[in-house]
Structures are given as structure tokens and as C-alpha cells.
Amino acid sequence: MRLTRQGGALLLLLPALASAGCPFGFDGADSAQNLLAEPVARRAALDVEAVRSLDIDAVKDDLKKLFRNSQDFWPADFGHYGPLMVRLAWHCTGSYRLSDGRGGCDGARQRFDPERSWDDNTNLDKARSLLWPIKAKYGKALTWGDLIVLAGTTAIEDMGGPVLGVCLGRIDDADGTDSLPLGPSKEQEAVAPCETQGSCQSPLGSTTIGLIYVNPEGPHGEPDPVRSAPQVRDSFARMGMNDAETVALVGGGHAFGKAHGACPTGPGPAPKDQPLDPWPGTCGAGPMKGKGDNTFTSGFEGPWTTNPTQWDNEYFKLLVDHEWESYISPGGHNQWRPVRKANGEELDAASNPSVMMLTTDVSLTKDPGFLKWVKIYAENQTALDEAFSHAWYKLMTRDVGPHSRCLGSQVPPPQPFQAPLPPPLKPLPDYKKVARDIARALNAPSKALPADTVGGKPYYGALFVHLAFQCAANYRQTDYSGGCNGARIRLAPQKDWPLNRGADSILKVLTPVRAAYPTLSYADLIVLAGGVALEEAGADHIAFVGGRSDAPSDEAPLPFQPPREFDDKILEARDNMQVMGLTAREWVALAGRPRSPSQQKRLGYSGSWTADPSVLDNSYFKVLLGHQWEAASSDAGQDEFRAAGADGVWMTPRDLAIRSDPEMMAIAQEFAADAKAFHASFVAAWSRLMAADRFDLDLPAVKG
Ligand code: HEM
């Protein structure tokens, strides 16, 4: 075992979920094959040093000048591009969803289809064009993702709003592949179908594909604010926002700017249909056709407040101080205007604020949970400042991962949504000694859990491998969350995931080892135990980087969800791979890890593919490819496969998916024929998986 505290380890992983009992169908193999692309080669490495040395204040100064420099090709409303930039940043980040960590502004895929052509992103191509000179000026020190977030945040600041700071470090993608599951696309239909457009459910982030969250006009275009409120709550919750945050964001955002719907003829074709001149605008005539006062973006028309380039809580005051009625906008959509004061006073020309609201805005007054916050923010500007600045930072930063991934000189302290971990206890233990103790525990009988039996002796190695794998395998490359650091496999909700059944008992087998080292974290113990077991089983040089810490047991449960399961196991493998950032080669290599027969039974299967899990070699692939497999159901009701003509040899549907997907099968064949290739790929994939979440180490391979 090579032990090192610095460097050495690298990036990602795979999951070994228990397959749900389900009528899976390999019939879908053809359609699923390659449907979801591997997460490789579409992102240039981030130049971390360049980002660190960026003069953020200089960029902000340039942005502030740009905001006030109205251009003829897209004149600034009220002489200030700030509101447009706030909308740009919100629509870039607002595609994020908790369900699988997809979406968000990391990658800046709003520049590509499908996102760039979403109805909700109409005319945001103009905002990006305005920003291009700044992107060109700062080059690789300022990625598109960071620039968009910085533009929105600086705009708020420039219009008098409160900001916490800015976290840089987003990595630009080279295309929109990773947004295909957001839709509309055949990938999205496969992994996240929406039965009724307008009522789409999680894992999709919005109720309507092509919108950021929810239909502004009301459910299915009905101006019904009562029914709109639950949709607003549901769609913001899918991004991890509570009522206080949702109300602060909607009303804080709409303190700025206006909606655009000058006439009923629409914005014209989207970029996917007319790339050279997208959304040319169809209202008006002459040189100002389609822009300025003739702009059509959403089809709603008008500002929310009387001073739309100035931060304040007027939005909330207007909402509570007036009664509102719906009417049809010049763009042909239902929207709302004040009809009289809430106290019954009629409005005249002087007292009518000449503002509008969307059905979703009015919905905030029709739901007691929302109305409470509307009233608080209407009465208390400071409360709004506090809530909005935190919620905006969370909105902008939610998909960037832990605080340690944030770069730049204006990063605020760790926030709760970043799930900060305590620092590791010091001094770090002598990991060589810990490794020796773990090696002794491999064959020592434990009352905590019956061991596998190898050569008549107890053997815990495959169980330790299983524990380490499960602990690390919830890592999501999509939002850099999860992983074994924190050892949250001990805590709810992860300890209760079916695929983690029995993990707590395996940990108990290791507890006596931990007791001897007061500063040894569970997270380090789990990862080191997996590595020791693998080296004892024959793996070379499993790199270990100590210094993980444990999340406190009273930590508020994180809203992470287990990797998704599908009836079609090939689709499941490809979806999980993409979320975790694994290549097919890594996925297949990791499937060849020793698997404990007793643990397989604990997970509900009849057994494992091997009776001897003490050896790491390419046997798994020989067994997988060397038998005919018969579908069966275990006594516990798990779908599984039994080797025809061989007793006690079992594979899971996820194993058989490797044999049924031509690309994964080709890799399995290579490993079956070449033990060295398997070894090398396995060790690399395992090391990468175990270090995937070690952003605290500042390894370029991890950061980038
Ligand atoms: C504009 C809907 C939440 C910031 C708009 C427009 C619509 C809309 C329809 C008009 C676009 C146009 O025609 O130009 C919604 C809905 C929301 C929501 C349905 C959620 C229920 C937010 C949030 C923010 C925000 C959370 C930021 C924190 C803005 C800004 C504008 C805008 C600044 C004005 C853009 C400009 O003046 O060009 N929104 N929005 N919105 N929204 Fe929202």
C-alpha cells in the first residue's frame, strides 16, 4: 500500500446499486445503446492559476461601464443592461436540479442547444453578445460560466442590491451534450419523460420543458394564481429552495427590469431554426423593428416596479398594497395589473403605479406559506437584503460543489448549501499502522457481522471493498456532490438507502481499529480499508490520501438522492456513468471488483459470481462471458441471473447489462483476455473514484 498525504490520486467512480426488483428489458438495448454520451473530452481543463489571479474588480468595472453603454443592435431598457444580465445569470444557473445534479451554469451550456433555444432563453443571445468583448479581454481567466454569473451579480450590486460575493471556478463545456437530459431531446424522453407538458415531474427541474421552472401565466396558461403557487413551490424545491428563498428570489429578481411583449406576433425563430439571425423580432417596423420598445421576448409586457434599475422592496409592497386583476398583454398573454388599493381606495392617474405582475407573482399572495414572506419582505428591507443575497449566492453557486472548489478573491465563507465539513482532526494518524491493523482485521472473527469464508477461514476483505465502494460511489460529477469524504454513509438518508443495506455492520467490524486512533476519521478508515483489502487481494499501488473528516452526526440531512434506477439496465448504467463522470472503461473495470457472497445475499440476491472474493483478477469477466445466463428471481424477490449449468453462480441485472451493451461488452472481452489491462484499469478507476471528492487537496486533476 503506497501511503501519501499529498497528490497521487485522481478523479471518479461508479455505483453498485442494488438493482430494484423490476421487469428490466434488454429489448431496449438498441435504443439505449450510446444514448447517453460518456462524460469525456468535452471540457477543457480549467486554468486554475489564471482564474485565481483574475482581477475581479477590474472585470466588475468593465461590466459596469458596459451596463450603461447602450448599443444600437440591442438598446438597453432604461439605459441599463443590468436587468437583462440578472435574467441571463438566473436562467443559466436556474436549470440546476437536485434530483441528479444536472443543469446549472457550470459548463455554460446555455450557449448551446437545447438550452439556447428554450423559449425561456429568448433574446439571451443578445446578452451574451454584449458580454463577448469582456470574455475576449480576460480569456481563460474568465470562463463563460463565471462571466455570466459575475455579470448578473455585478448588475445587482450596480443597481444597489446586496451581494455576498462570488465563487469562480466553472468549467466551460464544448457542446450541449450534458444538457440533453434536460430536454427537449430523445435522451430526455428516455431518462426523464414528461407525460404532460406543463406538469412535468422530478427528475426534471421545471414543470415545462423549455422553461426554467414554471409557466409564468399559470398552470397550462390559466391565470389561476391559487393553482400556480404549488407549482412555484414544487419547481423551486427541485432546486433545493425553501419558501423564504423562493419568495426572496422571485420578488428580488423582479425588483429589476421589465417583461417584453410589444405585439402578438412573437419573437421569430429560435437559434436551432434560424442560427444566423435568431429571434429577429417581429413587432414594429423600420430600424427599430423587434428591439427597444418593439421587443418580444416572453409576450408579457411591462415592469414590476416603478424604478426598475434600483434595488428595493417595492415589488412586495405593491403586491400587498393592491388588489390585482388579470388582463391580456399586448403580446397576447394573461398578466395582472393593480385595480384598486388593498384598503378599497380607487386608483387614479396619480396613484396608479402602472406596473404589472405575472400569475406566478400574484400566486405568492395566495398561499399562506408564501404570503408570510411577502409581508415580511414588504415591511423589512433588511430582512429582504439578507434573504436575497444568500439565496442569490446559493442560486449562482449550487452546482459548483463544495466551498473548496470556489476560486477567486471574493469568495464568501462556506454556506450551509455547500455541506461544509469540519477540518480533519490533527495530528493525522500514522496510516501505515492503521493499514497494518486493518490487514489483521481481514481474517479476525468479529461479532459485528458474519464474515465470508475463504479456505475455511473468515474473510472480511470483500466486505471492506464493498463498504469503500458504496461510501464513494454516490459522488456526482454533475454538481460535485457526494463521495466518501464526510462518511455520510453513516448518516440518514444515505445509511437507509437500500443499496447501502448492511454497510453499518461492516463499519462495526472496523470500529476496533478506529478506537486505537483518536484522530482517525471514519471516512479515512473506510477508504483505507478498501485499499488494504484490494492490495491484499493482488492490486498494485492503491494510492491513499489521508485527511478526510466526518460530517457531524447532527448534521441536517442533505437532500441527496441515490443514483437513479431504470427498468432498462443499460440505460441505467449510462445515466449513472454520466452523472458520476465515469467513462465506460472505468465503469466496466470497477464492476470486476471482488464481491462478497454474504453481502450479495444481504442485498437480496441468491449469491455472487464467485465463491472466493479474496482475489482481484479478471475472473469476473471470464465468468460473465463464459456462461449462458437464465433470468431468475431470488427468494427475496430480486431479479437476478443464474449461470446455466453451474451451481451457485449469480450475476445481477447490472452485470448482465455490461454483456448486453456492445461497447461495454468489448471492454469486458478485453479484460477477460488480458489480466494486466484489467489490473491497470481497475487500479486507476478505483484511485480516481476514491479521490473524486478531494477538492480540499487542491489537486489540479481534481479541480479541473
Ligand atoms: C423577467 C418569469 C423568477 C429575474 C422575467 C420575464 C418573465 C419572468 C416571464 C419576462 C422576460 C421578458 O419578456 O423579457 C419568471 C418566473 C419566475 C421568475 C415565472 C419564477 C416563478 C425570477 C428570478 C429572478 C428573475 C428567481 C432572479 C433572481 C428576472 C429579471 C427579469 C425577469 C431581472 C427582467 C429582465 C429584463 O428586464 O430584461 N421573468 N421569473 N426572475 N426576471 Fe423572472
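Numbering of residues starts from 1 in every chain and runs along the sequence as written. Where totals are concerned, whole chains, interfaces and linings use all residues; where local detail is concerned, this predicted model gives features only for residues with pLDDT of at least 70, and gives and counts side-chain atom pairs only at 80 or more. Calculated side-chain values reflect all of the structure's heavy atoms, with hydrogen atoms and water omitted.

Caption draft 1: Expanded view of the site of the ligand. Note on terminology: near, applied to a residue and a molecule or strand, indicates that one of the residue's heavy atoms is within 4 Å of it. Taken together, 23 residues lie around the ligand, and Trp 90, His 254, Lys 258, His 260 and Ser 298 are the ones closest in. At 3.0 Å, a backbone N or O of Lys 258 approaches an oxygen atom of the ligand. For the purposes of these results, a polar contact is taken to be a pair of N or O atoms within 3.5 Å, where, inside protein, one atom must be able to donate a hydrogen and its partner to accept one; residues adjacent in sequence count only when each atom of the pair is a side-chain atom. Residue Ser 298 places a side-chain N or O atom 2.6 Å away from an oxygen atom belonging to the ligand. The way it works is that DSSP assigns letters per residue, a run of H or I at least four long becomes a helix, a run of E at least two long becomes a strand, and they are numbered from the N terminus. Looking at the shell around the ligand, the elements with two or more residues in it are helix H4 (82-93), helix H9 (243-253) and strand E2 (258-259). Sorting elements by how many residues they give to the shell around the ligand places H4 first, with 5 residues. Here the shell around the ligand is composed, by residue class, of 14 nonpolar, 7 polar and 2 charged. Residue classes follow a fixed rule: Ala, Val, Leu, Ile, Met, Phe, Trp, Tyr, Cys and Pro count as nonpolar, while Asp, Glu, Lys and Arg count as charged, and any other residue, Gly among them, counts as polar.

Caption draft 2: Representation of the pairing of strand E10 (residues 639-643) within the structure. With respect to burial, E10 is a largely interior element, 4 of its 5 residues being buried. Pairing between two strands requires that DSSP report at least two bridges joining them. Where strand E9 (residues 629-633) meets E10, 5 bridges bridge the pair, whose relative direction is antiparallel. Residue pairing across strands places Ser 633 opposite Asp 639, the latter belonging to E10. Counting the residues that bridge the hairpin from E9 to E10 gives 5 residues, and of these Gly 637 lies at a positive phi of roughly 90°. As paired elements, E10 and strand E11 (residues 650-651) share 2 bridges and run antiparallel to each other. Each residue of the ladder has a partner; that of Arg 642, found in E11, is Trp 650. Remark: 6 residues form the turn of the hairpin made by E10 and E11, two consecutive strands paired antiparallel; Gly 645 in that turn has positive phi of roughly 80°. Burial here depends on accessible area, computed with a 1.4 Å probe over protein chains only, as a share of the maximum for the residue type. Under 20% is buried, over 50% is exposed, and the range in between is partly exposed.

Caption draft 3: Geometry of the state of the cysteines. To count as a disulfide, a pair of cysteine sulfur atoms needs to be within 2.5 Å. Applying the stated criterion across every chain, the model contains 5 disulfides. Each sulfur in the disulfide pair Cys 167 and Cys 406 lies 2.2 Å from the other. Handedness of the Cys 167-Cys 406 disulfide follows from its S-S torsion of about -90°: it is left-handed. Note that Cys 167 is positioned in the loop between helix H6 (144-158) and helix H7 (186-191) and Cys 406 in the loop between helix H13 (381-397) and helix H14 (431-441), a separation of 239 residues in sequence. An identical accessibility class is assigned to Cys 167 and Cys 406; each is buried. Between Cys 194 and Cys 200 runs a disulfide, and the two sulfur atoms are separated by 2.2 Å. Sign of the S-S torsion, about -85° for the bond between Cys 194 and Cys 200, identifies this disulfide as left-handed. Numbered by order of appearance in the sequence, the disulfide-linked cysteines of the chain pair as 1-2, 3-8, 4-5, 6-7, 9-10.

Caption draft 4: Examining the pattern of salt bridges more closely. Salt bridge, as used here: a side-chain nitrogen of Lys or Arg that lies within 4 Å of a carboxyl oxygen of Asp or Glu. One pass over the structure, following the stated rule, counts 38 salt bridges. Arg 102 serves as the salt-bridge partner of Asp 100, at 2.9 Å between the closest nitrogen and oxygen. Neither Asp 100 nor Arg 102 differs from the other in exposure class; each is buried. The partner of Lys 394 in a salt bridge is Glu 245, and the shortest N-O contact between them spans 3.1 Å. Here Lys 394, found in helix H13, pairs with Glu 245, found in helix H9; they are 149 residues apart in sequence, far enough to count as distant. Here the residues in one salt-bridge network are Arg 97, Asp 100, Arg 102 and Asp 575, joined through shared partners.

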